[in-house]
Structure formats: structure tokens, C-alpha cells
Amino acid sequence: MPSIVGPLKINSVGGGTVNFGDAFYIAPKSSSKTNAGSGSLNTGDFICTNNLLSSTNPFDPDVNDQNVAGNA
């Protein structure tokens, strides 16, 4: 369904998919996992985070999280 979109700001795109308009099917071509603590991956112009204590557990017992083998 077409729509009117206002101002847009894209700082960077690294390996991702940016779609404007109608799309029937979008499939990821790669996947990755990132472990980060509280307040570490914030994006924006004016960020203020107050974290007293942050702890991240990177242990993951799963073998596969997101399979993209069929999306070649």
C-alpha cells in the first residue's frame, strides 16, 4: 500500500537490507550474533545512559540460531 514518508536519516548501512516501497519477500543473506552489555549499542544524536552495573553472558548452548542456507 503506497504511503507518503517524511524526512529520513540513514547514517550507514553495512551489509544489511534497506527497502523503500512494497516488498513481497525479503530474506536475509547472512546472519551474525552480537553480545553487548546494557547501553552499549544505542544509536541516535543525543544519548544519555546511566547504568550502575552491566553484565553480559556470551554463553550460547544452541547450535543454530538463524539458518540462512536456503536463501542463496
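See the structure printed just above.
What comes next concerns the included structure. (Residues numbered from 1 in each chain as written. Predicted model: local features only at pLDDT ≥ 70, side-chain atom pairs only at ≥ 80, totals over all residues. Heavy atoms only, no water.)

**A word on the overall build of the protein chain**
Consideration 1: Secondary structure summary: the protein chain contains 0 helices and 0 strands in total.
Consideration 2: In the protein chain, buried positions account for 3% of the 72 residues.
Consideration 3: The long-range fraction of contacts in the protein chain, counting pairs at least 24 apart against all pairs at least 6 apart in sequence, stands at 44%.
Consideration 4: Of the accessible surface of the protein chain, which amounts to about 7000 Å², a share of 52% is contributed by carbon and sulfur atoms. (Helix = DSSP H or I, 4+ residues; strand = E, 2+ residues; numbered from the N terminus. Buried < 20%, exposed > 50% of the residue type's maximum accessible area, 1.4 Å probe, protein only. Contact = heavy atoms within 4.5 Å. Areas by Shrake-Rupley, 256 points an atom, 1.4 Å probe, with all protein chains shown as cover.)

**Examining the environment of serine 40**
Consideration 1: Residue serine 40 is classed as partly exposed on the basis of its relative accessible area, which comes to 44%.
Consideration 2: Expressed as a C-alpha distance, the spacing of serine 40 and serine 54, which sit 14 residues apart in the sequence, is 9.8 Å.
Consideration 3: Polar contacts involving the side chain of serine 40 include one to the main-chain carbonyl oxygen of glycine 37, which spans 2.9 Å. (Polar contact = N/O pair within 3.5 Å; in protein donor to acceptor, adjacent residues only side chain to side chain.)

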